[in-house]
Amino acid sequence: MKKLPKEEQVLLEEAAALIRKDVVRMIGVARSGHMASSLSIVDIMAWLYWKVLKTNSENPNWEERDRLVLSKGHGCPALYSALANRGFFSRDELWNYRRLGAMLQGHPLAKRTPGIDASSGSLGMGLGVANGIALGLRLRGSQSRVFCLAGDGELQEGAIWESAMSAAHYQLDNLIMIIDRNEVQMEGIVEKILSIEPLNAKFQAFGWHVVCADGHDFSSLDYALSCGVPGKPLVIIAKTVIGKGVSFLEGQLLDRSVVITRDLVDKALGELDSGGMKL
Amino acid sequence: MTETLNKSTRDAYGPALVELAALYDDLVVIDGDVGAPAFKDAARNLRSNRYFNMGIAEQNMILTSAGLSLANFRVFVSSLASFLVGRAYDEIRETIAIPGLPVKLIASYGGVTVGEDGATHQMLEDIALMRVLPGMGVLVPSDYNSAFALIKGAAELNRPVYIRLGRPELPLLYDNDDANFSLGGGRVLKEGTEVTICACGIMVHEALKAAKILAQQDLCAEVIDCYSVNPLPAQQILESIHRTGCCVVAEEHLLHGGLGDAIASLVCRSYPAPVKFVAVDNKFGQSGRAEELQEYYGLTSSQIVSAAVQVWTMRRR
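As the structure is a computational prediction, the values presented were derived from the model and not from experiment.

This next bit is on the overall build of chain B. A tally of helices and strands in chain B yields 12 helices and 12 strands. At 19 Å, chain B has a C-alpha radius of gyration in line with the 20 Å of a compact globule built from 317 residues. Seen through its C-alpha atoms, chain B measures out along the principal axes to roughly 60 × 35 × 35 Å. When the 317 residues of chain B are sorted by exposure, 61% land in the buried category. As displayed, chain B has an accessible area near 12,000 Å², and 49% of this comes from carbon and sulfur atoms. Counting 27 positive and 36 negative side-chain charges, chain B places the averaged centre of each group 3 Å from the other.

Turning our attention to the interface of chain B and chain A. Contacts between the two partners involve 26 residues from chain B, matched on the other side by 26 residues from chain A. Surface buried jointly by chain B and chain A totals about 2,100 Å² across both partners, of which 60% is contributed by carbon and sulfur atoms. Put simply, chain B and chain A have zero salt bridges between them. Those elements that provide at least two residues to the side of chain B that touches chain A are β2 (51-53), α3 (58-70) and α5 (89-97) of chain B. A total of nine residues in the side of chain B that touches chain A trace back to one element, the largest contributor, which is α3 of chain B. Here the residues of the side of chain B that touches chain A are counted per class, giving 12 nonpolar, nine polar and five charged.

For the rest of this paragraph, the subject is the nonpolar core. Within the largest apolar cluster, 84 residues are counted, with the highest numbers of intra-cluster contacts made by Met 177, Phe 203 and Trp 208 of chain A together with Leu 105, Tyr 162 and Ile 263 of chain B. With eight residues, the single largest contributor to this core is helix α5 (residues 126-139) of chain A. Of the domains in this structure, domain 1 (6-171) and domain 2 (187-314) of chain B are the two that each give at least three residues to this core. Apart from the residues within four sequence positions on either side, Phe 203 of chain A is in contact with Leu 155, Trp 161, Ala 164, Met 177, Ile 179, Trp 208, Val 210 and Val 235 of chain A. Counting 61 residues, the second-largest nonpolar core is a separate cluster that includes Val 23, Trp 47, Leu 264 and Val 265 of chain A.

Counted at 1.5 Å a residue, the expected span for helix α6 (residues 158-169) of chain A with its 12 residues is 16 Å, and the 17 Å between its end C-alpha atoms agrees. Among the 12 residues of α6 of chain A, nine are classified as buried, and the element is accordingly described as predominantly covered. All of the buried residues along α6 of chain A are Ala 159, Ile 160, Trp 161, Glu 162, Ser 163, Ala 164, Ser 166, Ala 167 and Ala 168 of chain A. Where α6 of chain A is buried, its residues contact α5, β3 (175-181) and α8 (199-205) of chain A together with α3 and α5 of chain B. In the stretch just after α6 of chain A, Gln 171 of chain A is the one whose phi turns positive, near 50°.

Per the UniProt record, "domain: Transketolase N-terminal" (unreviewed entry) is found at residues 15-250 of chain A. Spanning residues 15-250 of chain A, this segment combines 37% helix with 14% strand, and its end C-alpha atoms are found 20 Å apart.

Residue and element names in this part refer to chain A. One pass over the structure, following the stated rule, counts 20 salt bridges over all chains. For Arg 65, the salt bridge goes to Asp 117, with nearest N and O atoms at 2.8 Å. On the criterion of sequence distance, the pair formed by Arg 65 in the loop between α3 (42-52) and β1 (67-70) and Asp 117 in the loop between α4 (76-85) and α5 is long-range, its members being 52 residues apart. Overall, Arg 65 belongs to the buried group, its relative accessible area being 9%.

All right, on to the environment of Ile 92 of chain B then. All names here are of chain B. Note that Ile 92 resides in helix α5. Residue class for Ile 92 comes out buried when judged on its relative accessible area of 0%. Between the C-alpha atom of Ile 92 and that of Cys 268, which follows or precedes it by 176 residues, the distance is 30 Å. Once you skip the residues sitting within four places of it in the chain, Ile 92 turns out to touch Ile 62, Leu 84, Val 85, Ala 97, Leu 105, Met 130, Leu 133 and Met 136.

Positionally, Gln 294 of chain B belongs in helix α11 (residues 290-296). The contacts of Gln 294 of chain B, once residues within four sequence positions are left out, are Thr 113, Ile 202, Glu 206, Leu 299 and Thr 300 of chain B.

Once that is clear, we can look at the packing of α5 of chain A against α3 of chain B. Following both chains from N to C, one finds α5 of chain A and α3 of chain B inclined at 50°, their axes separated by 6 Å at the closest point. By the criterion of interaxial angle, the relationship of α5 of chain A to α3 of chain B is oblique. Crossing geometry of α5 of chain A relative to α3 of chain B is assigned as right-handed. Where α5 of chain A abuts α3 of chain B, its residues Gly 128, Val 129, Asn 131, Gly 132, Ile 133, Leu 135, Gly 136 and Leu 139 of chain A lie against Asn 60, Leu 63, Thr 64, Ala 66, Gly 67, Leu 68 and Leu 70 of chain B.

Residue and element names in this part refer to chain B. Here chain B is partitioned into domain 1 (6-171) and domain 2 (187-314). Centre-to-centre separation of domain 1 and domain 2, based on C-alpha positions: 25 Å. The interface of domain 1 with domain 2 comprises 29 residues on the first partner and 34 residues on the second. Summed over both partners, the interface of domain 1 with domain 2 comes to about 2,300 Å²; 60% of that surface belongs to carbon and sulfur atoms. The largest per-residue losses of area from domain 1 upon contact with domain 2 belong to Val 112, Leu 124 and Arg 131, which jointly make up 26% of the total buried on that side. On inspection of domain 1 and its partner domain 2, the count reaches zero salt bridges. Counting across the interface, domain 1 meets domain 2 through 19 residue pairs in polar contact (both at pLDDT 80 or more). Mapped onto the side of domain 1 that touches domain 2, the elements with two or more residues apiece are α6 (126-131) and β5 (137-139).

The next subject is the sheet that holds strand β12 (residues 275-280) of chain B. All names here are of chain B. Ordered by their spatial adjacency, five strands build an open sheet running β7-β9-β8-β11-β12, and the pairing between neighbours is mixed. The sheet is open, and its two borders are formed by β7 (187-190) and β12, each paired with just one other strand. Taken pair by pair, the neighbouring strands of this sheet meet at an average axis angle of 25°, ignoring direction. With four bridges joining them, strand β8 (residues 195-199) and strand β11 (residues 247-254) adopt parallel strand pairing. If you follow Cys 198 over to β11, its bridge partner there is Val 249. Sitting on the sheet, helix α8 (residues 203-216) touches β7, β8, β9 (221-225), β11 and β12, and the angle it makes with β9 is about 170°.

Right, let's get into the packing of aromatic side chains. The final tally for this structure, using the stated rule, is 10 aromatic pairs over all chains. When the ring of Phe 181 of chain B is compared with that of Tyr 227 of chain B, the centres are 5.3 Å apart and the planes differ by 70°; the resulting orientation is edge-to-face. Of this pair, Phe 181 of chain B sits in the loop between β6 (161-164) and β7 while Tyr 227 of chain B sits in the loop between β9 and β10 (228-230), and the two are 46 residues apart along the sequence. Note on Tyr 227 of chain B: relative accessible area 1%, which makes it buried. A network of ring pairs unites the aromatic residues Trp 161, Phe 203, Phe 206 and Trp 208 of chain A as a single cluster.

Calculation rules
- Residues numbered from 1 in each chain as written.
- Chains lettered and ligands numbered in written order.
- Predicted model: local features only at pLDDT ≥ 70, side-chain atom pairs only at ≥ 80, totals over all residues.
- Heavy atoms only, no water.
- Helix = DSSP H or I, 4+ residues; strand = E, 2+ residues; numbered from the N terminus.
- Rg over C-alpha atoms; globule rule 2.2 N^0.38 Å.
- Buried < 20%, exposed > 50% of the residue type's maximum accessible area, 1.4 Å probe, protein only.
- Areas by Shrake-Rupley, 256 points an atom, 1.4 Å probe, with all protein chains shown as cover.
- Lys, Arg positive; Asp, Glu negative; His and termini not counted.
- Charge placed at Lys NZ, Arg CZ, Asp CG, Glu CD.
- Contact = heavy atoms within 4.5 Å.
- Buried area = accessible area lost by both parts, 1.4 Å probe.
- Salt bridge = Lys/Arg side-chain N within 4 Å of Asp/Glu carboxyl O.
- Nonpolar A, V, L, I, M, F, W, Y, C, P; charged D, E, K, R; others polar.
- Core = buried A, V, L, I, M, F, W, Y, C linked by side-chain atoms within 4.5 Å.
- Domains from an automatic or database assignment.
- Expected span 1.5 Å × (residues − 1).
- UniProt positions renumbered as here; feature names shortened; annotations may be inferred.
- Axes fitted to C-alpha atoms, helices over the stretch in contact; angles between N-to-C directions.
- Parallel < 35°, antiparallel > 145°, perpendicular 65-115°, else oblique.
- Left-handed = near helix turned anticlockwise from the far one by under 90°.
- Polar contact = N/O pair within 3.5 Å; in protein donor to acceptor, adjacent residues only side chain to side chain.
- Pairing = 2+ DSSP bridges.
- Phe/Tyr/Trp six-rings, centres within 6.5 Å; stacked < 30°, edge-to-face > 60°.

This is the structure in structure tokens:
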């Protein structure tokens, strides 16, 4: 696995740090939202938007863009921050997240927010939507890729496996699914509630090319993405830490057990400011 | 009438697709492994890479349709009403209705006249489920020609539309070159002054039969084909009830949530007048021949006649 050039590593680390602070502030201001499971995808989001995805903030509907479907829609603060910081809309919008009339809804709405390629919220649906987009792009002869970022808990939804079967059947090699394997769902540990393992073998059996990665290591994600093979959809099982970057949230079982108080937000921001979230 | 051959509304889907495929480069047709009898020939005529049988996986079928729509394709997706609406309701709600994607949902096999397959396959709740989704157009054509025109017209609409088709063969009510159908439209098939009969689908035929019987009893009924259940042809219905003072609604659907509820709510809000319903009352279907089931569940002209007579006596003078 190749190490990233120093400048690139620093750039991505800075982007991730920016997103992390935004996520904590947004959820702090809104006093609601899924903080821990938004934090687990921050590094993936920084990697996608600062390195991987072909996008155009001047023309969010640019035909040749790569698409991202955030299947775990509740993690949208990380996506909103990435989009704002990449110039899709003003950072001021971030502080209206979840408010009445706001552009930034509690779960992403495509038509309402520039840069959002598909709406999501009800779990288990992003992969199928990404399938449809990937199939459509292929029909048009487009070179664009479709990324689907899914949670691990939502793999318990049956629709995911219909879609997994379908993506392989249609040989959608322009589709990349990234699983945020933070091992936690609302009520506890995924494996204890409804086991999804062996994930690797499951996706392989469904006809996918499977690669595991460290979801907080940009080189590892880079390497995983480079492993795609023609004729197969690629799934990157990205091992992540719930609440990543904020010590007292890391490994926490429940998003909702953490009451979003002013103190908590100040403490988290203090930690992030002092660089406590170093990778 | 240029044709007299009896065909089902479902039969119109394949031929309509063939015409649409010639008109639109961006047409994609998705099916859940139930299309074969209805439009296999049509599928053959479509470019092979524009027709996808997504298998027995309705959730993914709807999600894929949403994705194709996001990739700017004109998507028609079909299955039996019970599986299309029932199995994939959350998917329809989240990925088509909430974002307002212009996917066209085509349900073959609506209602009890599906026949022998029984309750699981006889969808009587679909209109209720679909019409409550904000922005969802709901169309229930009553003959082959109107089904053909509505399917073709739906391709132009920049919003999601649900079209309920049926299995029984029905006489034609409209000419084959009649294009005067629109979302939100209705057609007065017989003018009358004493009772308004609103119907959709197969019940339009029963309503016309009932109007003849009522005429023999000196009750002059107006029959409106309310093929657009959502939005309703509200002005047309209210104008008619202004003249007649009462209304019967007939539909091959549950009493709750269908065309009857929609019209009752409209009438109640805009011009209170007595309304009676001919529909399936709080029951699921069962196996049987279509005609037997129609009789058993009271979806007949004689039920409309008796409802019309009753509602007429209830009107205010």
